[in-house]
Amino acid sequence: MAEVIGDVASALAEHGSAVLIAPPGAGKTTLVPLRLLDQAWIGPSQRIVMLEPRRLAARAAAHRMSYLLGETVGATVGYQTRDERRIGPNTRIEVVTEGILTRRLQHDPELPGTALLIFDEVHERNLPTDVGLAFALDARRNLRPDLRILAMSATAQAEALSSVLGEAPVIISEGRTHPIEIRWSPPGKGQRLDTAVVETVLLALRNDLGDVLVFLPGIGEITRVYQALDSVVPANVDLYPLAGALSLTDQDRALAPSPAGRRRIVLSTDIAETSLTVDGVRIVVDAGQARVPRYDTRTGMTRLTTIATSRASADQRAGRAGRTEPGVAYRLWSKLEHSTRRAHLDAEITQVDLAGLALELAAWGTDIADLAFPDPPPPRTLAQGRELLRLLGAFDEHDAITPTGKAMLGVPAHPRLARMVVDAPSAAARSLACVIAAMLDDRDILRGRADDLPADLALRLRVVAGRERHERVDRGAIDRLIRRARDIGSRDGASFDIDAIEPDHAGAVLILAYPDRLAVRRSQPGQFQLRTGTGAWVAKDDPLAMETFVVAADVDGQRKSTRIRLAAAIDAEEVASTLGDAVETRHTLTWDRDRGDIFERIERRLGNMKLDERVRRPGPGDETTAAIVERLRQTRLGALQWSPAAARLRERVQFLRRSGHGDEWPDWSDGGLVAAIDDWLAPYLSGMTSMSELAQLDLTMVLRAGLPWPLGSRLDDLAPTQIELASGRSLLLDYSADQPSASVRVQDLFGTTAHPTANGITVLLHLLSPAGRPMQITADLPGFWAGSWSEVRKEMAGRYPKHQWPVDPANAAPKRLKDR
């Protein structure tokens with residue numbers, strides 16, 4: 001590496017940018033910053049800022065450079081990560097993680113006091129690296145033309161990097177790597193990967209010298225391999241896990257050299273792939289897999305996916321074995337398969353959720369087309385990120401950043417979690433939000449396979465707060481989580497109190513971060529539907545299976561029916577309180593079959609999701625009147641209680657309409673009254689709140705009032721309700737048929753010589769016996785007297801001997817009412 005330092009310095013001095021390609025172990029991370037520190041273009045009060053993609057690498061690089069200088073960390077060399085800051089007043093080289101640089105740029109794009117930015121391990125193409133590089137180049141173009149930028153990589157993607165940096169010179173160092181023997185060791189047919197890893201590690205311990213570094217995709221695989229090896233490795237071999245989620249103490253223990261006479265096996269994720277020297281390692285066992293985030297634009301969800309590593313990644317991993325002396329790398333796949341693997345993995349910017357990028361871009365204020373990205377962000381994913389930010393209140397309707405969005409930028413977490421922290425309604429809720437944010441930003445505090453763990457977030461919060469015990473808890477994870485929560489909660493001077501959190505209110509806080517992940521339970525226990533319409537589920541015996549509403553924080557991302565891995569219960573009042581602007585209250589008047597009446601149904605809805613409903617008797621008003629009218633239409637007036645007088649009135653008008661008196665008479669048939677209900681009846685329903693009140697209506701009065709002038713005054717003349725008989729009795733007329741009719745006892749007609757008429761129309765008589773039974777129907781009473789009466793008289797005299805049965809009823813004196 002020393003042989004190219006001069007070239008790097010010259011390129012930076014003349015061009016302002018450079019690309020350095022050097023293999024793993026060449027010393028670029030630790031030697032380059034130290035050798036460049038005395039360049040003339042770096043003033044005595046200026047500093048170098050170097051970005052590392054991982055916290056562990058940042059700490060290790062700072063410690064290594066300080067060791068080479070014979071100083072403690074925080075003197076000439078310091079570091080800053082999301083959780084730690086070891087930078088003193090005289091620090092000249094600052095090693096920072098990627099997000100730290102972005103925050104500094106957003107705070108002051110001029111980066112005062114910074115002479116050189118070094119982007120280490122840029123081949124990993126992490127999203128924060130691409131964002132920091134794009135912002136730094138924009139700041140240099142517009143504000144800081146003297147700012148130098150150096151990109152360093154262990155794999156050859158020089159042309160793309162050089163182009164982004166403005167055709168920067170490319171310097172290549174061969175380094176001093178030691179030879180590495182590659183051994184291909186694919187698993188047997190049907191053999192589990194973790195079993196193959198254990199067998200290969202034991203084989204390497206027997207056949208090769210030195211410590212063993214094992215690359216596995218995730219903490220779950222590390223745990224299983226650890227458990228399998230723990231009881232079978234020799235007594236002089238120590239086992240250590242290594243992952244970003246572990247405590248600093250655990251990480252340092254894994255990286256420390258083995259004591260004399262002992263060997264160690266380090267089980268690591270890809271955290272040890274670059275920028276780290278694990279002292280004593282001469283053997284690498286590579287499972288050939290990595291766990292990476294992948295964003296699904298159709299579901300709007302990001303999930304971790306296990307993929308085959310690239311050829312470049314495999315070379316990086318193998319290089320760990322040749323840092324200090326010759327080594328060996330076991331690859332758990334075939335040489336033929338290796339040739340088919342991708343040369344490099346896709347840039348993270350093309351694979352992940354871009355809500356955070358959209359928020360950073362809005363705060364930066366430069367059009368994305370004017371920024372230099374090695375790979376441009378996918379437009380659809382970026383658009384979905386902006387849509388999420390609008391939902392979170394970080395953007396207004398014009399996609400301009402809001403005060404809430406600006407506050408979210410200050411929280412070192414995904415925009416969802418940041419919004420939860422900044423919008424928490426109280427100090428206790430804010431502490432709760434910080435704990436939840438830390439919990440979601442790290443691995444689960446409960447040990448075991450995710451599919452075997454309960455989904456209840458509140459359970460974990462009670463464990464963290466010390467209010468409940470769980471047999472599978474990871475104490476180290478809890479300690480780390482509380483430190484992280486305190487770090488999030490104390491950034492703006494606000495207090496953080498773990499004892500103040502209320503786990504049972506987790507849902508009310510979580511919905512601030514995941515308003516789109518509200519889920520309502522379907523009919524079956526454990527079956528839910530997300531607000532977006534996607535099906536979701538938890539196990540039937542899960543503590544959340546019977547909750548009406550839950551907020552899902554972690555899901556597996558399946559499109560048709562996603563499994564909820566972590567969620568919190570919430571009630572309808574909490575939803576309405578938090579998402580008030582989006583909650584719609586609907587009032588509908590419906591027919592309640594069980595109650596047999598109209599009732600008001602009050603629903604609170606969030607889009608297509610019903611939160612709750614209440615049923616009550618409606619108040620008076622136009623809607624209630626309209627609902628009663630509609631019910632009458634549906635039943636064709638069946639709910640009205642027609643009195644005999646009202647029914648006869650309808651019949652009289654209908655008779656006149658049928659009998660040639662013209663269409664001026666209204667149509668009072670059922671169909672006609674239904675069609676005209678708004679005119680003749682609706683005005684009389686105003687103020688009613690129940691169908692039962694219809695019984696109070698005087699329908700006779702209502703109908704008469706509906707007759708236009710002068711029909712009302714003519715009705716009694718044209719269709720009288722009754723006629724007077726010789727007996728003095730009134731005969732009630734029936735107009736239901738085409739001819740007026742009446743039922744009358746035959747004795748009441750004695751003395752009647754002419755057939756009764758109504759307005760000149762013959763009345764059809766239904767003659768009755770003294771007992772009221774039908775005897776005869778006639779439209780010609782004189783003819784009846786002269787004809788069949790004699791036979792009827794004989795029969796009636798025999799059946800009713802106490803009554804008079806005159807031979808000549810037409811001339812018989814009628815028995816008047818007063819004589820009865």
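Worth saying up front: this structure is predicted, and the values here are computed from it rather than measured.

## Description of the overall build of the protein chain
Point 1. A count of helices and strands for the protein chain gives 28 helices and 31 strands.
Point 2. For 820 residues, the compact-globule formula gives about 28 Å, and the C-alpha radius of gyration of the protein chain, at 46 Å, lies well above that figure.
Point 3. Each principal axis of the C-alpha atoms in the protein chain carries an extent, and together these give about 150 × 60 × 55 Å.
Point 4. With 820 residues in all, the protein chain has 51% of them scored as buried.
Point 5. Once local pairs closer than 6 in sequence are excluded, the contacts in the protein chain between residues at least 24 apart make up 66%.
Point 6. For the protein chain, the accessible area works out to roughly 36700 Å², and carbon and sulfur atoms hold 48% of it.
Point 7. The centroid of the 102 positive side-chain charges in the protein chain is displaced by 4 Å from the centroid of its 108 negative side-chain charges.

## Some details on the sheet that holds strand β31 (residues 774-778)
Point 1. Read from one edge of the open sheet, three strands run β27-β30-β31, paired in mixed fashion. Strands at the two margins of the open sheet, each flanked by one partner only, are β27 (741-745) and β31. Each adjacent strand pair in this sheet contributes to an overall mean axis angle of 20°, direction not counted.
Point 2. In this sheet, strand β30 (residues 764-768) lies alongside β27 in parallel orientation, the contact comprising five bridges. When the bridges of β30 are listed, Val744 appears paired with Leu767.

## Points about the sheet that holds strand β22 (residues 584-592)
Sheet strands line up and pair through hydrogen bonds in the backbone, either parallel or antiparallel.
Point 1. Spatially, three strands are ordered β22-β23-β24 in an open sheet, and the strand pairing comes out antiparallel. The outermost strands of the open sheet, each flanked by one partner alone, are β22 and β24 (609-616). Going from strand to strand, the sheet's axes swing by 25° on average, the running direction of each strand aside.
Point 2. Bridge count between strand β23 (residues 597-606) and β24: seven bridges; the pairing is antiparallel. The partner of Arg605 across the bridge, within β24, is Lys610.
Point 3. With respect to the sheet, helix α21 (residues 622-634) is in contact with β22 and β23, its orientation differing from that of β22 by roughly 35°.

## Here's the deal with helix α9 (residues 248-255)
Point 1. Taken as a whole, α9 has its buried residues at Gln251, Ala254 and Leu255. Along the axis of α9, the buried positions cluster into a sector of 95°, meaning they face one direction only.
Point 2. Elements that come into contact with the buried residues of α9 comprise α3 (55-69), β11 (237-242) and β12 (263-268).

## Some points on the packing of helix α4 (residues 98-107) against helix α5 (residues 127-142)
Point 1. With their axes 9 Å apart at the nearest point, α4 and α5 run at an angle of 30° to one another. Here α5 runs roughly parallel to α4, going by the angle between their axes. The chirality of how α4 crosses α5 is left-handed. Facing α4, whose interface residues are Glu98, Gly99, Leu101, Thr102, Leu105 and Gln106, α5 presents Pro128, Thr129, Val131, Gly132, Phe135, Ala136 and Ala139.

## Overview of the side chain of Arg460
Point 1. Checked against the element boundaries, Arg460 lands in helix α17 (residues 457-464).
Point 2. Judged by relative accessible area, which is 0%, Arg460 ranks as buried.
Point 3. Excluding residues within four positions of it along the chain, Arg460 makes contact with Met439, Asp444, Ile445, Leu446, Leu453, Pro454, Ala455 and Leu566.

## Digging into the packing of α4 against helix α12 (residues 355-364)
Point 1. α12 packs onto α4 with a crossing angle of 25° between their chain directions and a minimal axis gap of 10 Å. On the basis of the axis angle, α4 is roughly parallel to α12. The two elements α4 and α12 cross, and the hand of that crossing is left-handed. Counted together, Thr102, Arg103, Leu105 and Gln106 of α4 and Glu360, Ala363 and Trp364 of α12 form the full contact between these two elements.
Point 2. Among the residues making up the contact of α4 with α12, the classes are represented as three nonpolar, two polar and two charged.

## Quick look at the pattern of salt bridges
Between side chains of opposite charge, a pair can form when the charged atoms approach closely.
Point 1. Tallying each qualifying case throughout the model produces 48 salt bridges.
Point 2. The closest approach of N and O atoms between Arg54 and Asp270, which form a salt bridge, is 3.8 Å. Of this pair, Arg54 sits in the loop between β2 (47-52) and α3 while Asp270 sits in the loop between β12 and β13 (281-286), and the two are 216 residues apart along the sequence.
Point 3. As a salt-bridge pair, Arg253 and Asp250 come within 2.8 Å of each other at their nearest N and O atoms.

## As for the side chain of Ser690
Point 1. Within the secondary structure, Ser690 is located in the loop between α24 (677-680) and α25 (699-706).
Point 2. Note on Ser690: relative accessible area 1%, which makes it buried.
Point 3. Among the polar contacts listed, one links the side chain of Ser690 to the side chain of Asp597, at a separation of 2.3 Å.
Point 4. Leave out the neighbours within four places in its chain, and Ser690 touches Asp597, Arg617 and Ile628.

## Some points on the pairing of β30
For a regular strand, the rule is simple: side chains alternate between the two faces of the sheet.
Point 1. Here four bridges tie β30 to β31, and the two strands are oriented antiparallel to one another. Bridged to His766 within β31 is Ile777.
Point 2. Adjacent in sequence and paired antiparallel, β30 and β31 are bridged by five residues, among which Gly772 carries a positive phi angle near 85°.

## A look at the packing of aromatic side chains
Point 1. In this structure the tally under the stated criterion is ten aromatic pairs.
Point 2. Measuring from centroid to centroid gives 4.3 Å for Phe135 and Trp364, while their planes differ by 5°, and the two rings are stacked. One end of the pair, Phe135, is in helix α5; the other, Trp364, is in helix α12, with 229 residues separating them in the sequence. Of the two residues, Phe135 and Trp364, neither departs from the other in class, the shared state being buried.
Point 3. The residue whose ring lies beneath Arg631 is Trp591, and the NZ or CZ to ring-centre distance is 3.7 Å.
Point 4. Sitting over the face of the ring of Trp642, Arg650 holds its NZ or CZ atom 4.6 Å from the ring centroid.

## Quick look at the environment of Ala424
Point 1. Residue placement: Ala424 occurs in the loop between α15 (415-422) and α16 (427-440).
Point 2. For Ala424, a relative accessible area of 16% gives the class buried.
Point 3. Through-space distance from the C-alpha of Ala424 to that of Val509 is 6.7 Å; in sequence the pair is 85 residues apart.

## Some words on the nonpolar core
Point 1. Counting 103 residues, the largest nonpolar core has Met420, Val435 and Leu518 as the members making the most contacts within it.
Point 2. No other element matches the nine residues that α16 contributes to this core.
Point 3. Discounting chain neighbours no more than four positions away, the residues touching Met420 are Ala433, Ile436, Ala437, Val509, Leu510, Leu512 and Ala513.
Point 4. Of all hydrophobic cores here, the second largest spans 58 residues; its members include Leu649, Val674, Trp680 and Ala812.

## Let's talk about the pairing of strand β5 (residues 93-97)
Point 1. Within β5, five of the five residues are buried, which leaves it mostly tucked inside the rest of the structure.
Point 2. Where burial is concerned, the two faces of β5 agree: the one with Ile93, Val95 and Thr97 and the one with Glu94 and Val96 are both buried.
Point 3. As paired elements, strand β3 (residues 77-80) and β5 share four bridges and run parallel to each other. Paired with Tyr79 across the strands is Val95, a residue of β5.

## Considerations on the environment of Leu544
Point 1. By secondary structure assignment, the location of Leu544 is in the loop between β19 (535-537) and β20 (549-555).
Point 2. Taking relative accessible area as the criterion, Leu544 reaches 3% and is therefore assigned buried.
Point 3. In this structure the C-alpha to C-alpha distance between Leu544 and Ala455, which are 89 residues apart in sequence, comes to 7.1 Å.
Point 4. Residues in contact with Leu544, not counting those within four places in the same chain, are Ala455, Asp456, Phe528, Val538, Val550, Ala567, Ala568 and Ala569.

## Focus on the environment of Gln251
Point 1. Structurally, Gln251 can be placed in helix α9.
Point 2. Dropping the residues within four chain positions of it, Gln251 is found in contact with Leu56, Arg59, Leu242, Ala243, Gly244 and Leu246.
Point 3. Among the polar contacts made by the side chain of Gln251, one reaches the main-chain carbonyl oxygen of Ala243 at a distance of 3.1 Å.

The rules behind each value
- Residues numbered from 1 in each chain as written.
- Predicted model: local features only at pLDDT ≥ 70, side-chain atom pairs only at ≥ 80, totals over all residues.
- Heavy atoms only, no water.
- Helix = DSSP H or I, 4+ residues; strand = E, 2+ residues; numbered from the N terminus.
- Rg over C-alpha atoms; globule rule 2.2 N^0.38 Å.
- Buried < 20%, exposed > 50% of the residue type's maximum accessible area, 1.4 Å probe, protein only.
- Contact = heavy atoms within 4.5 Å.
- Areas by Shrake-Rupley, 256 points an atom, 1.4 Å probe, with all protein chains shown as cover.
- Lys, Arg positive; Asp, Glu negative; His and termini not counted.
- Charge placed at Lys NZ, Arg CZ, Asp CG, Glu CD.
- Pairing = 2+ DSSP bridges.
- Axes fitted to C-alpha atoms, helices over the stretch in contact; angles between N-to-C directions.
- Arc of directions from axis to C-beta.
- Parallel < 35°, antiparallel > 145°, perpendicular 65-115°, else oblique.
- Left-handed = near helix turned anticlockwise from the far one by under 90°.
- Nonpolar A, V, L, I, M, F, W, Y, C, P; charged D, E, K, R; others polar.
- Salt bridge = Lys/Arg side-chain N within 4 Å of Asp/Glu carboxyl O.
- Polar contact = N/O pair within 3.5 Å; in protein donor to acceptor, adjacent residues only side chain to side chain.
- Phe/Tyr/Trp six-rings, centres within 6.5 Å; stacked < 30°, edge-to-face > 60°.
- Lys NZ or Arg CZ within 6 Å of the ring centre and 35° of its normal.
- Core = buried A, V, L, I, M, F, W, Y, C linked by side-chain atoms within 4.5 Å.

From the geometry alone we can't say anything about function, so treat these as descriptive.
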